[in-house]
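So you can see what is in the structure, the chains are spelled out below.
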Amino acid sequence: MCEVFSKNARRCMVSIVVVFGVLTLGMPGKGPINLSRKGGGEIRRGGRTRLIRPWFLCKSSLKMGSPIPLPTSSSSLQRSIGYRESTKPPEERLRILLEKSQNFPESKILDLVVKNATQLSQGFCNYVWLINPPSDEKLNSSSRVVAKVYSALHSLRTDRETWGAVDRLASDCGLGPSVVFDNEIGIIHDFLPGRVLEDKDMLKSSPTLVPLAQKLSRLHSTDIPSVYSSREPLIWDFLTRMLDEIVRRETHYKPHQKHPQENQSRYIFLSSNVLRREIEICEKILRPHHFPSVLAHGDCKPANAMTTLSETIPLPSEPKSLPSEPKSLSKESNVSTEANSVYLIDFELSGPNYRGYDIMKLFRKLPGPERDEAMREFLNVYIEESGPGVPDVEDLMRECEMLEPLTWLEAVVFFALVLHIKPDQETEWVSLGRSRWQNYLKAKQKMLDHHRLAISDT
């Protein structure tokens, strides 16, 4: 008995020494691990420091709805700065954004401005306020502006060095509102009186169809800013980043675990395995067609365009006058005055992307016959504005229809991620995801039909 006890004691002592050595000296070639008083620590690998926690503290390290940690990338330093800012309450970040813009030099005035700000929307990619500055001679600006604060999800999907790049370009080219100030927290731009477009504004009879086609064509014809190191379509990167985050979160929370037998089939289309398979199918089909990558909006739904042609949004103390013509549009410009009645907004996801992805997202919710008629009218104007090098209407129609599945699949992946971020609204996200999934399956079949036809023609 004594010998057995002695051997077990020696083994226990050896194990303790080994564990202590790993924690203090580190694994061979991987550097030391230093634990803090709270149980945290860090490990240095390849010149990069990564925070760690002991296994016995990891169980509660992630809670449902907790902030999204950023994936490692070449621009992790820039992106992590914006993400740390976004852990503060939106109102506090709004105050910091306004303060850094230097339009409100006095603290009391700034407090009043933030208090009286009108929240226009509270989305996942940003928080938006209408700022009504009080009349004061000390202010650098007395005009109304829109202030937008970026969210953690915005940081997850995009690189810090690209933030505001297309907003500034669109401002200079008269394609969007004039930018007043922007940094890693958010962006401030001029307020445009008007209303956002709806699906009905995409019908052939709508007066906004032609000016919108002109504006989108001009955006697609503009050179891609140098901050984008590649012309690779960003949609694939967006899908990958969101899917990676879903995979990471699935290990901690699966909605159907609450009622496995009842709910598992309801959520299967939102699982990472299904989404990854569909992304791979789309990529395998679409990549060989080499559709052009242009400077695209990235989220070109009707609600991300505004018009001044009709009645305006009922906002408090709204001026009766319409915005003046952008500085960059001169009398010699080929763009009609009518085109200046429509502006693109919300360029957070802009950059290199498929032109057909932008166009299809405008029309995808219209019924079949009405959609085809409106799209042909839109594409005729788009092609005329674009100049040489753009295919004819029918070829561009096929290109758009082949890219339609991506517009729905991106939305499915988005709601699958939001389901993990805000699980308390589970029913809503599942419902929205399911409707997008059904539309994706219909569009996918049309994509496959076009692909088979293209193969048979060659």
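Everything numeric here is computed off the predicted structure, so don't read it as measured data.

Two elements in contact, helix α11 (residues 355-363) and helix α12 (residues 368-386), have axes whose closest approach is 10 Å; the angle formed by their N-to-C orientations is 135 degrees. When the axes of α11 and α12 are compared, the pair comes out oblique. Our pair here, α11 against α12, has a crossing hand that is right-handed. From α11, Arg355, Ile359, Met360, Leu362 and Phe363 reach across to α12, where they touch Arg371, Ala374, Met375, Phe378, Leu379 and Tyr382.

Among the nonpolar cores identified, the biggest contains 41 residues, and Leu286 and Leu406 are the most heavily contacted of them. Secondary structure elements with two or more residues in this core: α5 (152-157), α8 (234-250), α10 (272-286), α13 (393-421) and α14 (426-457). For this core, the element with the highest residue contribution is α13, accounting for 14 residues. Not counting the four nearest positions on each side in its chain, Leu406 is found in contact with Ile235, Trp236, Leu239, Cys282, Leu286, Tyr354 and Tyr357. Listed in part, the 38 residues of the second largest apolar core include Met360, Val381, Val393 and Leu396.

We now examine the pairing of strand β5 (residues 126-131). The buried fraction of β5 is high, at 6 of 6 residues. Going residue by residue along β5, you find Asn126, Val128 and Leu130 tucked away on one face and Tyr127, Trp129 and Ile131 tucked away on the opposite face as well. Strand direction decides the pairing type here: β5 and strand β6 (residues 145-150), joined by 6 bridges, are antiparallel. Its bridge partner being in β6, Trp129 is matched across the sheet by Ala147.

With a phi close to 50 degrees, His290 is a non-glycine residue in the positive phi region. Note on placement: His290 falls in the loop between α10 and β10 (293-296). With a relative accessible area of 68%, His290 lands in the exposed category. In this structure, Asp346 is a non-glycine residue whose phi angle is positive, near 60 degrees.

Our next topic: the packing of aromatic side chains. The relative placement of two aromatic rings is captured by the distance of their centres and the angle of their planes. What the rule picks out here adds up to 8 aromatic pairs. An angle of 75 degrees between the planes, with centres 5.1 Å apart, marks the rings of Phe363 and Phe378 as edge-to-face. Here Phe363, found in helix α11, pairs with Phe378, found in helix α12; they are 15 residues apart in sequence, far enough to count as distant. When sorted by exposure, Phe363 lands in the same class as Phe378, which is buried. Between Phe414 and Phe415, the ring centres sit 5.4 Å apart and the planes meet at 80 degrees, which makes this aromatic pair edge-to-face. A relative accessible area of 12% means that Phe414 is categorised as buried. Above the ring of Tyr343, the side-chain terminus of Lys215 is found at 4.3 Å from the ring centroid.

Turning to the packing of helix α3 (residues 90-101) against helix α4 (residues 107-116), a few remarks are in order. Where α3 contacts α4, the axes come no closer than 10 Å and their chain directions differ by 135 degrees. When the axis of α3 is compared with that of α4, the two are oblique. The handedness of the crossing between α3 and α4 comes out as right-handed. Listed contacts from α4 to Glu91, Leu94, Arg95, Leu98 and Glu99 of α3 are Ser107, Leu110, Asp111, Val113 and Val114. Here the residues of the contact of α3 with α4 are counted per class, giving 5 nonpolar, 1 polar and 4 charged.

As a further point, take the sheet that holds strand β9 (residues 195-196). Where strands meet in a sheet, backbone hydrogen bonds hold them as pairs that are either parallel or antiparallel. Strand order in the open sheet formed by 3 strands is β9-β11-β12, and the pairing between neighbours is antiparallel. In the strand order of this sheet, the two ends are held by β9 and β12 (342-344), each with one partner. Two strands pair when backbone bridges link them, and strand β11 (residues 305-307) and β12 are joined in this way by 3 bridges, in the antiparallel orientation. If you follow Ala305 over to β12, its bridge partner there is Leu344. Across the sheet, helix α7 (residues 209-221) lies against β11 and β12, angled at about 35 degrees from β12, the strand it touches most.

Of note, Ser121 is situated in strand β4 (residues 118-122). Along the backbone, Ser121 and Lys148 are 27 residues apart, and their C-alpha atoms lie at a distance of 9.5 Å.

Attention now goes to α12. With 19 residues, α12 should cover 27 Å at 1.5 Å per step; its first-to-last C-alpha distance of 26 Å lies within 8% of that length. Of the positions making up α12, those classed as buried are Arg371, Ala374, Met375, Phe378, Leu379, Val381, Tyr382, Ile383 and Ser386. Those residues of α12 that are buried lie in contact with α7, α11, α13 and α14. Gly387 sits one or two residues past α12 and shows a positive phi near 85 degrees.

The next point concerns the pattern of salt bridges. Counted by the stated rule, this structure contains 26 salt bridges. Across the salt bridge formed by Arg160 and Glu184, the nearest N and O atoms sit 3.9 Å from each other. Here Arg160, found in the loop between α5 and α6 (165-173), pairs with Glu184, found in the loop between β7 (179-182) and β8 (186-190); they are 24 residues apart in sequence, far enough to count as distant. Taken as a pair, Arg160 and Glu184 share a single burial class, namely buried. Between Asp395 and Arg398 there is a salt bridge, with its nearest N and O atoms 2.0 Å apart. With Asp395 and Arg398 both in helix α13 and 3 residues apart, the pair spans about one turn of that helix. Counted as one network, the salt bridges with shared partners bring together Arg157, Asp299, Lys301, Lys361 and Glu410.

So, how was this worked out
- Residues numbered from 1 in each chain as written.
- Predicted model: local features only at pLDDT ≥ 70, side-chain atom pairs only at ≥ 80, totals over all residues.
- Heavy atoms only, no water.
- Axes fitted to C-alpha atoms, helices over the stretch in contact; angles between N-to-C directions.
- Helix = DSSP H or I, 4+ residues; strand = E, 2+ residues; numbered from the N terminus.
- Parallel < 35°, antiparallel > 145°, perpendicular 65-115°, else oblique.
- Left-handed = near helix turned anticlockwise from the far one by under 90°.
- Contact = heavy atoms within 4.5 Å.
- Core = buried A, V, L, I, M, F, W, Y, C linked by side-chain atoms within 4.5 Å.
- Buried < 20%, exposed > 50% of the residue type's maximum accessible area, 1.4 Å probe, protein only.
- Pairing = 2+ DSSP bridges.
- Phe/Tyr/Trp six-rings, centres within 6.5 Å; stacked < 30°, edge-to-face > 60°.
- Lys NZ or Arg CZ within 6 Å of the ring centre and 35° of its normal.
- Nonpolar A, V, L, I, M, F, W, Y, C, P; charged D, E, K, R; others polar.
- Expected span 1.5 Å × (residues − 1).
- Salt bridge = Lys/Arg side-chain N within 4 Å of Asp/Glu carboxyl O.

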